[in-house]
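Architecture at a glance
These are the residues of each chain, in order.
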Amino acid sequence: MLTHNLGYPRIGSKRQLKKASEAYWAGKSTLRELQETGANIREENWKIQQEAGIDLIPSNDFSFYDQVLDMSFTVGAIPERYHEIVTDQKKPELDLYFAMARGYQKNGLDIIAMEMTKWFDTNYHYIVPEFKKNQPFKLFSTKILDEFKEAKRQGIITKPVILGPVSYLLLGKEKEKGFKRIELIKNLVPVYLDILKKLEESNATWVQLDEPFLAMDLDQEEKEAFEYTYKTIRKACPNLKILLTTYFGGLDENLDLACELPVCGLHLDLVRAPKQLEKTLDKLPQNLSLSLGLVDGRNIWKNDFKASLELLELAKGKKSENRLLIASSCSLLHSPCDLEEEKSGSGLTAEIQQWLAFAKQKVGEIASLKQLALDSGLPENQQLLEENQKAIQSKKTSSIIHKQEVGQAVSSLTPGHSTRNKPFGERRKLQTPNLNLPLFPTTTIGSFPQTKEVRQWRALKKKGKLTQNQYDELIKSETEMAIRWQEGIGLDVLVHGEFERNDMVEYFGEQLEGFVFTQNGWVQSYGSRCVKPPIIYGDVSRPEPMTVGWTSFAQSLTEKNVKGMLTGPVTILQWSFVRNDQPRSTTCQQIALAIREEVADLEKEGIKIIQIDEPALREGLPLRQSDWEAYLDWAVECFRISASVVEDKTQIHTHMCYSEFNDIIKHIAGMDADVITIECSRSQMELLDAFAEFQYPNEIGPGVYDIHSPRIPSKEEMVELLEKAKSVLPEEQLWVNPDCGLKTRGWKETEPALERMVQAAKALRKTTVAGIEN
Ligand SMILES: CN1c2c(nc(N)[nH]c2=O)NC[C@@H]1CNc1ccc(C(=O)N[C@@H](CCC(=O)N[C@@H](CCC(=O)N[C@@H](CCC(=O)O)C(=O)O)C(=O)O)C(=O)O)cc1
Ligand SMILES: N[C@@H](CCS)C(=O)O
Ligand SMILES: [Zn+2]
């Protein structure tokens, strides 16, 4: 029996990679220093897993930005617009790589970044591969091989982790019409063969090929692509042990297909889909190894050894022990690094800490499960099991989890809680005179630059070097500056800037009961950006207003409307570590009721526009379409519970980013927000087509510039995007705004970008008959 791990977090236990990348991008450190940081993180990760006793330690799970971008780089899928950078021999390879991720505006070149979107149902974002008809592929980067050899020099024969060719293609996007990207499989597989043969020559034994699409709905062509790929690989590399990994869901109707592929092992996510084990054991040929994904890579709760051992026993009954592997359910990329980094005195009490396991502890759990599976009778193993069960029981019986009044509030919910009084058309008639806005109203999504200073004030307050009062005064001055500046450039609906928030979910988690937060539980979200998801351990309630003070303060400074800014219940749920003892829908209803109280209080304070952000609503969709309806029903209902408390003259906004809307547009309309702002610019307004086709009735703000890139857009390109929007949607329906909040940008980029955006809206108003200069 072997143990393995599908991937280890790569940001470093102290976010070394974030700090090193950002210093390099800012020109404050050298490429060599960045590369050294990468090498140190890899070495540390390999050591941790080696010391834990993991048999097959992953390599190539490290990335300077994203593993899908790494694959595009490896197979030379580099869009033509970056070729100018390639031809400049002085540019190191990594600069080209970062240009693809972040855009490039230097040396007279102005190149936009590649699109970024959600990695399945996680809060991790990947860079979308771009394909054209007859896309050629060639081995461009030897990263996979280099990292294998690097570990080998350190005495470790790793199991390289490679995104499988079918999933790689399916994660991408056709950039021209007239072909389907899956047709490129025959062009692509030879490059994979090239890599695999080189690994074989370097004495690699196991190679992990990730094919998460096997846990999704597949059409005939995609199924054939799987058969073609794995037969071809087997033929070319008969001595390499290919471990095919699936995760985030069950194989279901793809089980036969997966079991027939000529690979050496198959990995199942038994946390998300434990029921698939039995069926797989019946189907899987005896000579194939089975990897049991028992340790949850997506949540932070300690593994219940007893429950895992039951699954292991089931497997042992039908399969010989030496064909079994014990593993994490998916890559530990989605887990924080190390619970030991949590110092006492934080919200994480000793009682709660004993319920948790982060990545370092999880690899320990994988090794412990093997120990227990091999000989549970040994005294030290009995003790291991007892200690584990004591922690599991303590969570089940703890008095801090349930609150009677929260349960009662949820069971008293009626359809009235989730319905506005009047339909949108009627509400609009009341909102128009209440708000007095021009055609193409301009606004932003909420946050303004979280500058080094703002973050430092928070850090100083934490260390006790600033009092609460001093901190509040500093945040007030930043807010006032932002209000004055927005008035100055002529924005129509203002925001307070969210300077007081560390993060749009953590900030709420810190103020709601039923949540705890960590000091160092960072998880990569994209590139160098990390989040510290709060932990929901118990029933959720709102002891007191969370945003009213800051919003009212900002509103008191101006005659213009300031939007109240809240994170919606589905997003708070999705971006937190969620309790595993009740359905997600129940937890979401509890959060929805808490947000509803906040919405009511904001309205009472005279706030006329309230935005409830739901960027994670689409992300929460189950992987299989057959499960969508049930999820969307409760998710949309929860949004409506939080929003429907207001009078009809109050305007409710929502905001979504990184989402495709085509397949769920009916449900987006079902949210019944008066205005929705969406990310649109990286896809050049393509996302609007769904709204146009559906004849989406409410108002929409399609993002006109990409806030993830430091690149400053021109007024003309924003006008062009708005013209595009105008060609598919009635102009009275349109708002003008960026793609998302501006917290990750500096003022140097934000100021000209927003000034130009306001100018673009003004230019557009001039071209319309109904338009009035503001
Ligand atoms: C909008 N997005 C969000 C997602 N998920 C969230 N939970 N939040 C989001 O906003 N998902 C989708 C998108 C895109 N994803 C992200 C994710 C993360 C960021 C981001 O800006 N992250 C920041 C960290 C934010 C934070 O928690 N800041 C804290 C602590 C800051 C810190 O590092 N402090 C320093 C000390 C201060 C100093 O001296 O500078 C330290 O601890 O060392 C805070 O502000 O208090 C990031 O930098 O990664 C954006 C989009
Ligand atoms: N209001 C948030 C939404 C991000 S999705 C922000 O502006 O950062
Ligand atoms: Zn957003």
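What counts, and where the lines are drawn
Residues numbered from 1 in each chain as written. Chains lettered and ligands numbered in written order. Predicted model: local features only at pLDDT ≥ 70, side-chain atom pairs only at ≥ 80, totals over all residues. Heavy atoms only, no water. Domains from an automatic or database assignment. Contact = heavy atoms within 4.5 Å. Buried area = accessible area lost by both parts, 1.4 Å probe. Pairing = 2+ DSSP bridges. Helix = DSSP H or I, 4+ residues; strand = E, 2+ residues; numbered from the N terminus. Axes fitted to C-alpha atoms, helices over the stretch in contact; angles between N-to-C directions. Donors = N, O, S within 2.8 Å, 3.2 Å for Na, K, Ca; no water. Tetrahedral: all angles 85-135°; square planar, octahedral: opposite > 155°, others 65-115°. Buried < 20%, exposed > 50% of the residue type's maximum accessible area, 1.4 Å probe, protein only. Near = heavy atom within 4 Å. Polar contact = N/O pair within 3.5 Å; in protein donor to acceptor, adjacent residues only side chain to side chain. Areas by Shrake-Rupley, 256 points an atom, 1.4 Å probe, with all protein chains shown as cover. Nonpolar A, V, L, I, M, F, W, Y, C, P; charged D, E, K, R; others polar. Core = buried A, V, L, I, M, F, W, Y, C linked by side-chain atoms within 4.5 Å.

Some thoughts on the domain arrangement of the protein
- Looking at the assigned domains, one finds that the protein contains domain 1 (2-79 + 114-336 + 347-396) and domain 2 (424-500 + 546-773).
- When each unit is reduced to the centre of its C-alpha atoms, the spacing between domain 1 and domain 2 is 35 Å.
- Taken together, the contacts link 30 residues of domain 1 with 18 residues of domain 2.
- Carbon and sulfur atoms supply 50% of the area that domain 1 and domain 2 bury against each other, a total of about 1900 Å² over both sides.

Things to note about the sheet that holds strand 20 (residues 609-613)
- If you walk across this open sheet you meet the five strands as 19-20-21-22-23, and the pairing is parallel. Where the open sheet ends on each side, the last strands, each with one partner, are strand 19 (564-567) and strand 23 (699-702). Put simply, the sheet's adjacent strands are angled 20 degrees from each other on average, direction ignored.
- As judged from the four bridges shared by strand 22 (residues 675-678) and strand 23, these two strands associate in the parallel manner. Across the sheet, Val675 pairs through a bridge with Glu699, a residue of strand 23.

Describing the coordination of the zinc ion (ligand 3)
- Coordination of the zinc ion (ligand 3) by the protein is provided by His655 (NE2), Cys657 (SG) and Cys740 (SG), with metal-donor distances spanning 2.1 to 2.3 Å.
- Its four donor atoms give the zinc ion (ligand 3) angles of 103 to 122 degrees at the centre, a pattern that matches the tetrahedral case.
- On the primary sequence, the residues serving as donors to the zinc ion (ligand 3) are separated as H-x1-C-x82-C. Remark: Cys740 occurs in the loop between helix 27 (715-728) and helix 28 (747-766) and Cys657 occurs in the loop between strand 21 (651-656) and helix 25 (665-671); sequence separation between them is 83 residues.
- Under the relative-accessibility criterion, Cys740 is labelled buried at 11%.

Description of the site of ligand 2
- Around ligand 2 lies a shell formed by Ile445, Gly446, Ser447, Glu498, Met504, Asp613, Pro615, His655, Cys657, Cys740, Gly741 and Lys743.
- Backbone polar atom of Gly446 to an oxygen atom of ligand 2: 3.5 Å apart, as the coordinates give it.
- At a separation of 2.6 Å, a nitrogen atom of ligand 2 approaches a polar side-chain atom of Asp613.
- When the free accessible area of ligand 2 is taken as 270 Å², the share hidden by the protein chains comes to 98%.
- Split by residue class, the shell around ligand 2 holds five nonpolar, four polar and three charged.

Comments concerning helix 21 (residues 548-556)
- Buried within helix 21 we find Val548, Trp550, Thr551, Phe553, Ala554 and Gln555.
- Buried residues along helix 21 sit in contact with helix 19 (468-489), helix 20 (506-511), strand 19 and helix 23 (584-604).

A word on the nonpolar core
- In terms of nonpolar packing, the biggest core is built from 129 residues, with Tyr82, Phe448, Ile610, Ile678, Leu688 and Phe691 touching the most fellow members.
- The element best represented in this core is helix 24 (residues 628-643), accounting for nine residues.
- Excluding residues within four positions of it along the chain, Ile678 makes contact with Met656, Phe661, Leu688, Phe691, Ile700, Gly701, Pro702, Gly703 and Asp739.
- Counting 96 residues, the second largest nonpolar core, distinct from the first, contains Leu6, Met216, Phe226 and Leu372.

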